[in-house]
Amino acid sequence: CTTFAFRMEGKSITTIEGLGGDIKLHPVQAAFLEQGAFQCGFCTSGMILSAIALLAQHPQADEDEIRTWLSGNICRCTGYGAILSAVKTAQMQMQLQSAEAVG
């Protein structure tokens with residue numbers, strides 16, 4: 001949503017439809033659902049994909065980093081509180097899953 005398609009030539013692109021699976025949602029998708037982090041749904045795909053990219057590159061991101069990464073997506077419905085809560089919830093869930101996989 002924040003990058004022109006021509007800049008992605010030769011690169012792989014994951015869309016919202018490419019996340020999760022037929023039965024299981026990606027942890028960020030599940031957290032958005034659990035936290036009620038979307039209303040109209042217009043910004044949801046961009047918010048979720050931005051959050052996933054952030055957590056993949058910076059799993060320990062603090063709230064300022066989360067806000068910065070999401071700043072390219074504008075939400076007119078939720079006021080961002082539920083979105084930030086969802087990203088933090090997903091972050092904790094993904095850290096737990098990672099720890100369980102290692103130990």
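Just so we're clear, the structure is a prediction, and the values are computed from it rather than from any experiment.

What counts and what doesn't
- Residues numbered from 1 in each chain as written.
- Predicted model: local features only at pLDDT ≥ 70, side-chain atom pairs only at ≥ 80, totals over all residues.
- Heavy atoms only, no water.
- Patch = residues over 30% accessible without salt bridge, like charges linked within 9 Å, V, L, I, M, F, W, Y side chains within 5 Å.
- Areas by Shrake-Rupley, 256 points an atom, 1.4 Å probe, with all protein chains shown as cover.
- Salt bridge = Lys/Arg side-chain N within 4 Å of Asp/Glu carboxyl O.
- Helix = DSSP H or I, 4+ residues; strand = E, 2+ residues; numbered from the N terminus.
- Phe/Tyr/Trp six-rings, centres within 6.5 Å; stacked < 30°, edge-to-face > 60°.
- Buried < 20%, exposed > 50% of the residue type's maximum accessible area, 1.4 Å probe, protein only.
- Expected span 1.5 Å × (residues − 1).
- Contact = heavy atoms within 4.5 Å.
- Axes fitted to C-alpha atoms, helices over the stretch in contact; angles between N-to-C directions.
- Parallel < 35°, antiparallel > 145°, perpendicular 65-115°, else oblique.
- Left-handed = near helix turned anticlockwise from the far one by under 90°.
- Nonpolar A, V, L, I, M, F, W, Y, C, P; charged D, E, K, R; others polar.

(A) Spatial organisation of a nonpolar patch on the surface. A contiguous nonpolar surface patch, about 270 Å² in accessible area, is contributed by Leu25, Leu33 and Phe38. Examined against the element boundaries, Phe38 turns out to sit in the loop between helix H1 (27-35) and helix H2 (44-57).

(B) Here's a closer look at the packing of aromatic side chains. On inspection of all chains with the given rule, the structure shows one aromatic pair. Ring geometry for Phe4 against Phe6: centres 5.8 Å apart, planes inclined by 20°, an arrangement best described as stacked. Like Phe6, Phe4 is exposed.

(C) The arrangement of H2 in detail. Over its 14 residues, H2 extends 20 Å from the first C-alpha to the last, a length consistent with the 20 Å expected when each residue adds 1.5 Å. Among all positions of H2, only Thr44, Gly46, Met47, Ile48, Ser50, Ala51, Ile52, Leu54 and Leu55 are buried. In this structure, the buried side of H2 is in contact with H1, helix H3 (63-70) and helix H4 (81-102).

(D) View of the pattern of salt bridges. As enumerated under the stated definition, the model contains two salt bridges in all. Note that Arg67 is salt-bridged to Glu63, the shortest N-O span being 3.0 Å. Of this pair, Arg67 and Glu63 are both found in helix H3, four residues apart, which corresponds to roughly one turn of the helix. Take Glu63: its relative accessible area is 31%, and that puts it in the partly exposed class. Among the ionic pairs, Lys88 bridges to Glu63, the shortest N-O distance being 2.4 Å. Within this pair, whereas Lys88 is found in helix H4, its partner Glu63 is found in helix H3, the two being separated by 25 residues in sequence. Sharing partners across several salt bridges, the network here consists of Glu63, Arg67 and Lys88.

(E) Just the packing of H2 against H3, in detail. Across the interface, H2 lies against H3 with an axial gap of 9 Å and an inter-helix angle of 135°. Overall, the two elements H2 and H3 adopt an arrangement that is oblique. Handedness of the H2/H3 crossing: right-handed. Counted together, Met47, Ser50, Ala51, Ala53, Leu54 and Gln57 of H2 and Glu65, Ile66, Trp69 and Leu70 of H3 form the full contact between these two elements. Of the residues belonging to the contact of H2 with H3, the class tally is seven nonpolar, two polar and one charged.

All we've got here are geometric facts, nothing functional implied.
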